[in-house]
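Okay, here's what each chain looks like letter by letter:
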Amino acid sequence: MNPLEQYVHDHSTPETELLQELDRETNLRAVAPQMLSGHLQGRLLTMLVAMMKPQRILEIGTFSGYSALCMAAGLPDGGVLHTYDPDDEMMPFAQSFFDRSEHGHKIVAHTGSALDIAPQLAEEGSFDLVFIDGDKREYPDYYRMLMGDRDCRPLVHSGSFLIADNILWYGKVAQPAAHGDRHTQALLEFNRMIFEDERVENVILPIRDGLNIIRVK
């Protein structure tokens, strides 16, 4: 960490002890611990949720549960966060931290693909905020699902926000995608879809690996 990054960390509200433990345990147990949102992005998610005051949040991609806990911390009482991940080995690990958190009762964890399960929640109402951090190859399909362009009811409404993580993909989106690099190709398609869709407006923030913040008009 360079001196400027250290300064930013040192002068931002620190992690809770539970989040610090979750960070450590993720680095010890997970194959790709860099997927964890981390301190600064986690604090940003908490602040954004506190400002937006959503009642229903959808998270696509739970991993070890760090981002879910950060969003739940900003979620008003009575709000609910549905989080999805197909990894049936990591989900019990994440759930163990949800159970220990004062905000864990706001989180409903689902094991499976959001593309298969999330549309079933449309009957309960649309989502005010969606955090997209699942399989990068499926980002375009996530967007089509959320907007109702995939033979399902829309899962978002006018005024909803979508936040897509890893949108810069280690800088690869600024270069020609290598042949067979489906992750970069899908992210390029996703970013292009957002930019060209007149139903939304967006801004890309270069924090960590990039966040695309999208508002449904």
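Above this note sits the structure.
Residue positions are counted from 1 within each chain, in the order its sequence is given. Per-residue local features of the predicted model are confined to residues with pLDDT of at least 70, and side-chain atom pairs are confined, for both listing and counting, to 80 or more; whole-chain, interface and lining totals are unaffected and use all residues. Side-chain numbers come from the whole structure's heavy atoms, not from hydrogens or water.

1. With respect to the overall build of the protein
Quick note on the threshold: Only DSSP runs of H or I reaching four residues or more are called helices, and only runs of E reaching two or more are called strands; each is numbered from the N terminus. Radius of gyration here is computed from C-alpha atoms only, and the compact-globule reference equals 2.2 Å multiplied by the residue count raised to the power 0.38. Each residue is assigned to one of three classes by its accessible area relative to the maximum for its type, calculated with a 1.4 Å probe on protein chains only: buried under 20%, partly exposed between the two thresholds, exposed over 50%. Residue contacts are defined here by distance: any two heavy atoms, one from each residue, within 4.5 Å place the two residues in contact. For the area figures, the Shrake-Rupley method with a 1.4 Å probe applies, and any residue is considered shielded solely by the protein chains shown. A positive count includes Lys and Arg, and a negative count includes Asp and Glu. His and the chain ends are not counted in either. Charged side chains are reduced to one point each, which is NZ for Lys, CZ for Arg, CG for Asp and CD for Glu.
Counting its secondary structure elements, the protein contains eight helices and seven strands. Taken over the C-alpha trace, the protein has a radius of gyration of 17 Å; the compact-globule value for 217 residues is 17 Å, and the two agree within 12%. Dimensions of the protein, computed from C-alpha atoms along their principal axes, come out at roughly 40 × 40 × 35 Å. Considering the protein as a whole, with its 217 residues, one finds that 50% of them fall into the buried category. Contacts spanning at least 24 positions in sequence make up 70% of the contacts within the protein whose residues lie at least 6 apart. Approximately 10900 Å² of the protein is accessible, and the part contributed by carbon and sulfur atoms is 52%. Averaging the coordinates of the 19 positive side-chain charges in the protein and doing the same for the 33 negative ones gives two points 3 Å apart.

2. Examining the packing of helix 3 (residues 39-52) against helix 4 (residues 66-74)
Rule in force here: Angles run from 0 to 180 degrees between N-to-C directions of axes, and those axes are lines fitted to C-alpha atoms, restricted for helices to the stretch in contact. If you view the pair so one helix is near and one far, a crossing is left-handed when the near helix is turned anticlockwise from the far one by less than a right angle, and right-handed when it is turned clockwise.
The geometry of helix 3 relative to helix 4 is characterised by a closest axis approach of 7 Å and an angle of 35° between their N-to-C directions. In the crossing of helix 3 with helix 4, the sense of the turn from one axis to the other is right-handed. Facing helix 3, whose interface residues are His39, Gly42, Leu45, Thr46, Val49 and Ala50, helix 4 presents Tyr66, Ser67, Cys70, Met71, Ala73 and Gly74.

3. With respect to the sheet that holds strand 1 (residues 56-60)
This is how the line gets drawn: Strands are labelled as partners when DSSP assigns at least two bridges between them.
Reading across from one edge, 3-2-1-4-5-7-6 is the order of the seven strands in this open sheet, with mixed pairing throughout. Strands at the two margins of the open sheet, each flanked by one partner only, are strand 3 (107-111) and strand 6 (200-205). Neighbour-to-neighbour, the strand axes of the sheet open up by a mean angle of 15°, direction not taken into account. Both strand 2 (residues 80-85) and strand 3 contribute to a ladder of five bridges, which runs parallel. Bridging from a neighbouring strand, His82 pairs with Val108 of strand 3. Helix-sheet contacts for helix 7 (residues 139-147) involve strand 1, strand 4 (127-132), strand 5 (156-165), strand 6 and strand 7 (211-216), and the interaxial angle to strand 5 is about 165°.

4. Regarding the packing of aromatic side chains
Threshold: Two rings belonging to Phe, Tyr or Trp (six-membered ring only in the last case) form a pair when the distance between their centres is within 6.5 Å. Interplanar angles under 30 degrees mark stacking, angles over 60 mark edge-to-face geometry, and anything in between is tilted. Here, over-ring charges are defined by two tests on the NZ atom of lysine or the CZ atom of arginine: distance to the ring centre within 6 Å, and angle to the ring normal within 35 degrees.
Counted by the stated rule, this structure contains five aromatic pairs. Relative to Tyr142, the ring of Tyr139 has its centre 5.9 Å away and its plane inclined at 50°; by these criteria the two rings are tilted. With Tyr139 and Tyr142 both in helix 7, this residue pair falls three residues apart, about one helical turn. Under the relative-accessibility criterion, Tyr142 is labelled buried at 4%. With a centroid separation of 5.2 Å and 50° between ring planes, the pair formed by Trp169 and Tyr170 is classed as tilted. Through successive ring pairs, a cluster of aromatic residues spans Tyr139, Tyr142, Tyr143 and Phe190. Over the ring of Phe127 we find Arg56, and its NZ or CZ is 4.4 Å from the ring centre. Over the ring of Phe97 we find Arg100; its NZ or CZ atom is 5.3 Å from the centre of that ring.

Interpretation in functional terms is not warranted from these geometric data alone.
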